[in-house]
Amino acid sequence: MRTQLITTILFGLSVYISAQGLINNGANITINNGTYLVINGESGNFTVESGEVYLYGKIILSGNLNNKTTNVDMFNGIDNNHTDLTFSGTEDQLIGGLSTENIVCQNLTVNFGSKAILSAGKKLTVLGNLVNNGTLTVGASEDQQSTVKVNGTVSGAGVYNVEAHLSAGRNWYVSSPVSDAKSGMFNASSNTVYWYDEAHGSTVPWETITDNVTSLEPMRGYVATVPISGNVTFTGGAFNNSTENLTVYRTAGQTKEGFNLIGNPFPAYYDYGSSSKINIQPSYWYRAKNAGNTAYVFDTYSVTNGLGTSLSGRSVTCNIPPMQAFWVRVNNGQSSGVVSFDKQYVN
């Protein structure tokens with residue numbers, strides 16, 4: 001018969017764990033209302049192998065956060081009151097582990113001088129507010145992209161980084177998930193970066209960026225190339241986290257009139273099918289390489305019937321990936337339309 005260990009930290013008390021860290025393997029740990037857990041020291045990591053952690057208070061970490069559970073919401077508090085999470089270390093602090101489960105907290109704070117890194121492929125949801133006065137990095141690898149969703153506000157004077165993995169030898173259709181990112185992230189003075197100007201579709205439709213100081217406008221789609229495969233980093237301002245409306249145009253008589261290259265402005269997936277649209281055709285298009293990587297094709301998704309047509313071999317749904325640019329078209333007979341990027345449809 002297996003015995004279950006339940007550790008309870010009583011009201012009004014706190015526990016400090018140093019150096020060796022706290023490892024929970026198959027037990028439950030309960031931290032009651034009014035208490036908090038501090039883990040520090042050179043290797044003070046917090047690892048959940050299995051079992052569950054129930055929290056009313058907050059966790060303050062100086063080490064790494066490793067989630068290896070496969071069937072629990074890691075920071076689900078008692079009665080679904082999620083905990084606050086604070087990073088206060090002086091070295092890189094990884095948010096990761098083997099689990100593919102969503103990491104959910106109430107409020108997230110990165111203190112001054114601290115560096116929190118969300119490992120590639122992880123999904124972090126902040127139900128409350130994010131305050132970053134250190135450095136918060138959303139990681140990526142060749143085949144995995146991490147995402148961050150913030151239901152509340154994003155504030156703080158820290159550094160916000162969102163990585164994307166781009167391979168050489170092809171065009172990438174991208175969009176910035178942070179405010180005030182610069183073209184220098186692609187070294188645009190040496191590499192190709194451009195955007196589509198619908199109003200000049202018959203003359204010079206592609207506007208080329210030739211310097212490293214041009215701001216990459218949120219919600220605008222860009223086409224970029226890189227000379228060497230690897231990660232690029234969107235940085236400059238905070239995560240885009242507010243509802244915005246984008247006006248797009250249809251200029252009569254122009255080649256491909258009404259087609260506009262726009263992009264997901266959030267560092268997470270966006271449900272385009274649920275968002276508000278005015279005078280916009282019910283389909284959107286991705287430009288991608290085919291399954292054999294020999295030619296460019298268009299993948300299509302129809303909002304009307306909820307069906308995607310993929311010529312690239314990749315799944316096409318209503319959810320636009322983070323940093324993804326895509327094509328929309330203004331209805332025939334209209335000179336403009338509006339696409340709403342409403343943060344309630346970020347997922």
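What counts as what
Residues numbered from 1 in each chain as written. Predicted model: local features only at pLDDT ≥ 70, side-chain atom pairs only at ≥ 80, totals over all residues. Heavy atoms only, no water. Helix = DSSP H or I, 4+ residues; strand = E, 2+ residues; numbered from the N terminus. Buried < 20%, exposed > 50% of the residue type's maximum accessible area, 1.4 Å probe, protein only. Contact = heavy atoms within 4.5 Å. Areas by Shrake-Rupley, 256 points an atom, 1.4 Å probe, with all protein chains shown as cover. Pairing = 2+ DSSP bridges. Axes fitted to C-alpha atoms, helices over the stretch in contact; angles between N-to-C directions. Core = buried A, V, L, I, M, F, W, Y, C linked by side-chain atoms within 4.5 Å. Phe/Tyr/Trp six-rings, centres within 6.5 Å; stacked < 30°, edge-to-face > 60°. Lys NZ or Arg CZ within 6 Å of the ring centre and 35° of its normal. pLDDT = per-residue confidence, 0-100. 1 Å grid on protein atoms, 1.4 Å probe; cavity = no way out; pocket = protein on both sides within 12 Å on 5 of 7 lines; lining within 4 Å. Points joined across faces, edges and corners; volume = space filled by probe spheres on them. Nonpolar A, V, L, I, M, F, W, Y, C, P; charged D, E, K, R; others polar.

Moving on, we come to the overall build of the chain. Along its length, the chain carries zero helices and 37 strands. Burial status across the chain gives 48% buried among its 347 residues. Taking the contacts inside the chain whose residues are at least 6 apart along the sequence as the reference set, 63% of them involve residues at least 24 apart. Counting every atom, the chain has about 15600 Å² of accessible surface; 49% of that belongs to carbon and sulfur.

Within the open sheet, the four strands sit side by side as β21-β26-β23-β24. Their pairing is antiparallel. Looking at the sheet topology across the chains shown, the edges are occupied by β21 (172-174) and β24 (206-208). On average, each strand axis in the sheet is tilted by 30° relative to the strand beside it, whichever way the strands run.

What follows covers the environment of G169. Mapped onto the elements, G169 comes out in the loop between β20 (159-166) and β21. Among the residues examined, G169 registers a relative accessible area of 69% and is labelled exposed. Here G169 is in contact with V226 and K289, once residues within four sequence places are set aside.

What follows concerns the pairing of strand β37 (residues 336-341). Relative to β37, strand β28 (residues 244-249) is paired through six bridges, and the arrangement is antiparallel. Note that in β37 the partner of T247 across the bridge is V338. Two elements, strand β31 (residues 277-278) and β37, share two bridges in a ladder whose sense is antiparallel. Paired with I278 across the strands is V338, a residue of β37.

Okay, the side chain of N260 next. Among the structural elements, N260 can be located in strand β29 (residues 259-263). Contacts of N260, omitting those with residues within four sequence positions, involve E198, V248, Y249, F326, W327, V328 and V330.

Moving on to unusual backbone geometry. In most cases, non-glycine residues show a negative phi, while peptide bonds are predominantly trans. Its identity is not glycine, yet M219 carries a phi of approximately 80°, on the positive side. Assignment of secondary structure puts M219 in the loop between β25 (215-216) and β26 (222-224). Classification of M219 as buried rests on a relative accessible area of 10%. We note that K256 has phi near 55°; this positive angle belongs to a residue other than glycine. Considering the arrangement of structural elements, one finds K256 in the loop between β28 and β29.

This brings us to the nonpolar core. Soluble globular proteins: nonpolar side chains tend toward being buried together. Counting 42 residues, the largest nonpolar core has L85, F87, L108, F186, L216, F234 and F239 as the members making the most contacts within it. Ranked by residues supplied to this core, first place goes to β20 with four residues. Apart from residues lying up to four places away in sequence, L216 is in contact with S176, A181, K182, S183, M185, F186, I209, Y222 and F234. By size, the runner-up hydrophobic cluster in this structure holds 21 residues, among which are M219, Y286, Y301 and V316.

Here we come to the packing of aromatic side chains. Aromatic ring pairs are described here by two measures, namely the spacing of the ring centres and the angle between the planes. Summed over the entire model, instances satisfying the criterion amount to 14 aromatic pairs. Ring geometry for Y194 against W206: centres 5.1 Å apart, planes inclined by 85°, an arrangement best described as edge-to-face. With Y194 in strand β23 (residues 193-196) and W206 in strand β24, this residue pair connects regions lying twelve residues apart in the sequence. Taking the centre distance of 5.6 Å and the plane angle of 35° together, the rings of Y284 and Y301 count as tilted. Pair noted here: Y284 is in strand β32 (residues 283-289) and Y301 is in strand β33 (residues 296-302), with a separation of 17 residues, a long-range link. Y301 gets classed as buried once you look at its relative accessible area, which sits at 8%. Here the guanidinium or amino end of R170 rests over the ring plane of W172, the centre of that ring lying 3.9 Å away.

In this section: the confidence of the model for the chain. Averaged over every residue, the pLDDT of the chain is 86; the share at 70 or more is 79%. Here residues 1-14 is modelled with pLDDT under 50, and outside its nearest four sequence neighbours on either side it reaches 29 contacts, counting other chains as well.

Considered as a void within the structure, the largest pocket measures approximately 1000 Å³ in volume. Around the largest pocket, the lining comprises 30 residues; the ones closest to its centre are H165, W172, R314, P321 and Q324. If you list the elements that add at least two residues to the lining of the largest pocket, you get β20, β21 and β32. Looking at the lining of the largest pocket residue by residue, the class counts come to twelve nonpolar, twelve polar and six charged.

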